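Chain residues, written in single-letter form:
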Amino acid sequence: RRYSVRYGPGNAEIPRGYGTELSVLWDPQNGGRTADEVAELDGPWYPQCYPSATESEMEKLQELIAKKLPVANQRREERTKEMQPFLKEKAAKVNP
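Being a predicted model, the structure only gives us computed values, none of them experimental.

Peer 1: Teacher, can you tell me more about the environment of Thr34 here?
Peer 2: Here Thr34 shows up in the loop between α1 (22-26) and α2 (35-42). Along the sequence, Thr34 and Tyr46 sit twelve residues apart, while their C-alpha atoms lie 9.7 Å from each other. Residues within four places of Thr34 in sequence aside, it is in contact with Gly10, Asn11, Ala12, Glu13 and Ile14.

Here it is in structure tokens:
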């Protein structure tokens, strides 16, 4: 059983579609996969922490941090800017 740092089980499905989930911004195919599948196919975006972290995931974290995370963070920043006008509009309707 996998529990990520988000305290979700490994069979939890990663959201699909337009959003700010880093693993999906890196590779849209990660949307709809389980945390276990993402870890197996694309690296430790959701590292196992219970009962303990695996040695192989710890080794792969360096690559994720150095190569994938900076790109995904840049994409999230761009996505957040894209979303701001829509969120402001939505907030204005809720709080007139």
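Peer 1: Whenever I open this one, the nonpolar core confuses me. Can you help?
Peer 2: The tendency in soluble globular proteins is for nonpolar side chains to be buried side by side. If you look at the biggest cluster of nonpolar residues, it comprises nine residues: Ile14, Leu22, Val24, Ala35, Val38, Trp45, Tyr46, Leu64 and Ala72. Elements with a minimum of two residues in this core: α1, α2 and α3 (55-94).

Peer 1: How do you make sense of α3 when you look at a structure like this?
Peer 2: Residue pairs three or four apart in sequence face the same way in an α-helix, which turns once every 3.6 residues. End to end, α3 covers just 48 Å across 40 residues, shorter than the expected 58 Å (1.5 Å per residue, more than 12% under). Along α3, the sharpest kink reaches roughly 45 degrees, centred on Leu64. Along its buried surface, α3 packs onto α1 and α2.

Peer 1: Help me understand the pattern of salt bridges in this model?
Peer 2: Pairing between side chains of opposite charge can happen when the charged atoms of each approach one another. Summed over all chains, the structure comprises four salt bridges. The partner of Glu77 in a salt bridge is Lys81, and the shortest N-O contact between them spans 3.8 Å. Remark: Lys81 and Glu77 occur in helix α3; sequence separation between them is four residues, near one turn of the helix. A salt bridge links Arg79 to Glu82; its shortest N-O distance comes to 3.5 Å. In this pair, Arg79 and Glu82 are both assigned in helix α3, three residues apart and thus about one turn of the helix distant. Accessibility expressed as a relative area gives 19% for Arg79, which makes it buried.

Reading guide: rules and limits
Residues numbered from 1 in each chain as written. Predicted model: local features only at pLDDT ≥ 70, side-chain atom pairs only at ≥ 80, totals over all residues. Heavy atoms only, no water. Helix = DSSP H or I, 4+ residues; strand = E, 2+ residues; numbered from the N terminus. Contact = heavy atoms within 4.5 Å. Core = buried A, V, L, I, M, F, W, Y, C linked by side-chain atoms within 4.5 Å. Buried < 20%, exposed > 50% of the residue type's maximum accessible area, 1.4 Å probe, protein only. Expected span 1.5 Å × (residues − 1). Bend = angle between axes of the 7 residues up to and from the residue. Salt bridge = Lys/Arg side-chain N within 4 Å of Asp/Glu carboxyl O.

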